[in-house]
Amino acid sequence: MKQTQYVAREPDAQGFIDYPAEEHAVWNTLITRQLKVVEGRACQEYLDGIEKLGLPHDRIPQLGEINKVLGETTGWQVARVPALIPFQTFFELLASKQFPVATFIRTREELDYLQEPDIFHEIFGHCPLLTNPWFAEFTHTYGKLGLQASKEERVYLARLYWMTIEFGLVDTPQGLRIYGGGILSSPKETVYCLSDEPEHQAFDPLECMRTPYRIDILQPLYFVLPNLKRLFDLAHEDIMGMVKQGMQLGLHTPKFPPKAA
């Protein structure tokens, strides 16, 4: 596992996490800026989730506040984790309807991008859609499959996750909209992904699994769902059969240059 400079904050005996004023200020900067950027770009299901969560703007929310809403809507919870967790832990959490949230927030120096998922990325990017039963069902199924999968199979599953939950788009009567949390927590990618610059392909789970990606660049390709319910339907299809097919067919040629050493 990679190293990280960030350390997750620990709760007190009552489960309360006390963040310094500067970290609340960073949250305020991030959420007020990003709410403006996602307007007219995020899918309606995400915006509905934002409304249900009622995230505070002046402070970092407590995990208990998020859990109350998730519990009432889909039965999910968030689980406090360190900055980076192993694949095994990740799948175990999702399989038990718990979404991992690292309890640290980025510094002002890394306001626009950081490689580790922080509390802003997890709560603002992912938690709104966890109030949606279709999205929640797919995420739960994904966790259960990941637990049973081999190391090699997990790599193909990871690409499916990346192209959907992190960087997915959906077609709507109003045009392309965003549902991927990796996009929704990034001001630059929120605007870029809907432009003419990247490639947009109709969603195909097998193609997602065979498409290489890099985590440190704007994505050259996005897969577009016909609607969000497609994720719910996919949860009831033979995803592991697709993984095996993908492993036989192999990867597509990357649409990006190799990372400089």
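Scroll up a little and you will see the structure.
Residues numbered from 1 in each chain as written. Predicted model: local features only at pLDDT ≥ 70, side-chain atom pairs only at ≥ 80, totals over all residues. Heavy atoms only, no water.

Caption draft 1: Highlighting the overall build of the chain. When its secondary structure is counted, the chain shows 12 helices and 6 strands. Projecting the C-alpha coordinates of the chain onto the three principal axes gives extents of approximately 50 × 40 × 40 Å. Considering only contacts within the chain whose residues lie at least 6 apart along the sequence, 67% involve residues at least 24 apart. Of the charged side chains in the chain, 25 are positive and 34 negative, and the gap between their average positions amounts to 2 Å. (Helix = DSSP H or I, 4+ residues; strand = E, 2+ residues; numbered from the N terminus. Contact = heavy atoms within 4.5 Å. Lys, Arg positive; Asp, Glu negative; His and termini not counted. Charge placed at Lys NZ, Arg CZ, Asp CG, Glu CD.)

Caption draft 2: Examining the pairing of strand 4 (residues 175-178) more closely. As judged from the 4 bridges shared by strand 3 (residues 169-172) and strand 4, these two strands associate in the antiparallel manner. Opposite Asp-171, over in strand 4, you have Leu-176 as the bridge partner. The turn joining strand 3 and strand 4, which pair antiparallel and follow one another in sequence, is formed by 2 residues. (Pairing = 2+ DSSP bridges.)

Caption draft 3: Highlighting the side chain of Arg-177. If you trace the backbone, Arg-177 turns up in strand 4. Asp-171 provides the closest opposite charge to the buried, salt-bridge-free Arg-177, at an N-O distance of 8.1 Å. Among the polar contacts made by the side chain of Arg-177, one reaches the main-chain carbonyl oxygen of Gly-40 at a distance of 3.4 Å. Once residues lying within four places of it in the same chain are set aside, the contact partners of Arg-177 are Gly-40, Arg-41, Ala-42, Cys-43, Leu-169, Val-170, Thr-172 and Leu-194. (Buried < 20%, exposed > 50% of the residue type's maximum accessible area, 1.4 Å probe, protein only. Salt bridge = Lys/Arg side-chain N within 4 Å of Asp/Glu carboxyl O. Polar contact = N/O pair within 3.5 Å; in protein donor to acceptor, adjacent residues only side chain to side chain.)

Caption draft 4: Representation of empty space enclosed by the protein in the model. Scanning all chains against the criterion turns up 1 cavity of 30 Å³ or more. In this structure, the largest cavity encloses a volume near 70 Å³. Looking at the largest cavity, the residues that line it are Met-163, Thr-211, Pro-212, Tyr-213, Gln-219, Pro-220, Leu-221, His-252, Thr-253, Pro-254, Lys-255 and Phe-256. Looking at the lining of the largest cavity residue by residue, the class counts come to 7 nonpolar, 4 polar and 1 charged. (1 Å grid on protein atoms, 1.4 Å probe; cavity = no way out; pocket = protein on both sides within 12 Å on 5 of 7 lines; lining within 4 Å. Points joined across faces, edges and corners; volume = space filled by probe spheres on them. Nonpolar A, V, L, I, M, F, W, Y, C, P; charged D, E, K, R; others polar.)

Caption draft 5: Local environment of the side chain of Asn-67. With respect to the helices, strands and loops of the structure, Asn-67 is situated in helix 3 (residues 63-73). Look at Asn-67 and you get buried, because its relative accessible area is 16%. A distance of 2.5 Å separates a polar side-chain atom of Asn-67 from the backbone nitrogen of Val-78.

Caption draft 6: Broad picture of the packing of aromatic side chains. All chains considered together, the criterion is met by 12 aromatic pairs. Taking the centre distance of 4.9 Å and the plane angle of 10° together, the rings of Phe-120 and Phe-124 count as stacked. One end of the pair, Phe-120, and the other, Phe-124, are both in helix 5 (residues 119-126), 4 residues apart, so they sit about a helical turn from each other. Pair check on accessibility: Phe-120 and Phe-124 agree, each one buried. An aromatic cluster is present here, built from Phe-87, Phe-90, Phe-91, Tyr-142 and Tyr-161 joined pairwise through their rings. Looking at Arg-159, its charged tip hangs above the ring of Tyr-156, at a distance of 4.7 Å from the centre. (Phe/Tyr/Trp six-rings, centres within 6.5 Å; stacked < 30°, edge-to-face > 60°. Lys NZ or Arg CZ within 6 Å of the ring centre and 35° of its normal.)

Caption draft 7: Representation of the pattern of salt bridges within the structure. Inspection of every chain in the model, using the stated rule, returns 14 salt bridges. The salt bridge involving Arg-59 is made with Glu-65; its shortest N-O contact spans 2.7 Å. By relative accessible area, which is 30% here, Arg-59 ends up partly exposed. Residue classification places Glu-65 among the partly exposed positions, given a relative accessible area of 35%. Here the residues in one salt-bridge network are Arg-214, Asp-216 and Lys-259, joined through shared partners.

Caption draft 8: Examining the pairing of strand 1 (residues 77-81) more closely. Bridging between strand 1 and strand 2 (residues 98-102) involves 5 bridges; their strand directions are parallel. Each residue of the ladder has a partner; that of Arg-80, found in strand 2, is Val-101. Read from strand 1 through helix 4 (residues 87-95) to strand 2, the crossover connection turns out right-handed. (Right-handed = clockwise from strand over helix to strand, strands pointing away.)

Caption draft 9: Expanded view of the layout of surface pockets. By volume, the largest pocket is sized at about 1,400 Å³. Along the walls of the largest pocket sit 45 residues, with Gln-115, Pro-117, Trp-162, Glu-166 and Ile-215 positioned nearest its centre. Elements with a minimum of two residues in the lining of the largest pocket: helix 4, strand 2, helix 5, helix 7 (151-166) and helix 9 (187-192). The dominant element in the lining of the largest pocket, judged by the number of residues it contributes, is helix 7, at 6 residues. For the lining of the largest pocket, a count of residues per class yields 28 nonpolar, 6 polar and 11 charged. Put simply, the second largest pocket is a space of about 170 Å³. Taken together, the elements giving at least two residues each to the lining of the second largest pocket come down to helix 2 (44-53) and strand 3.

Interpretation note: all reported values are geometric properties and have no functional meaning in isolation.
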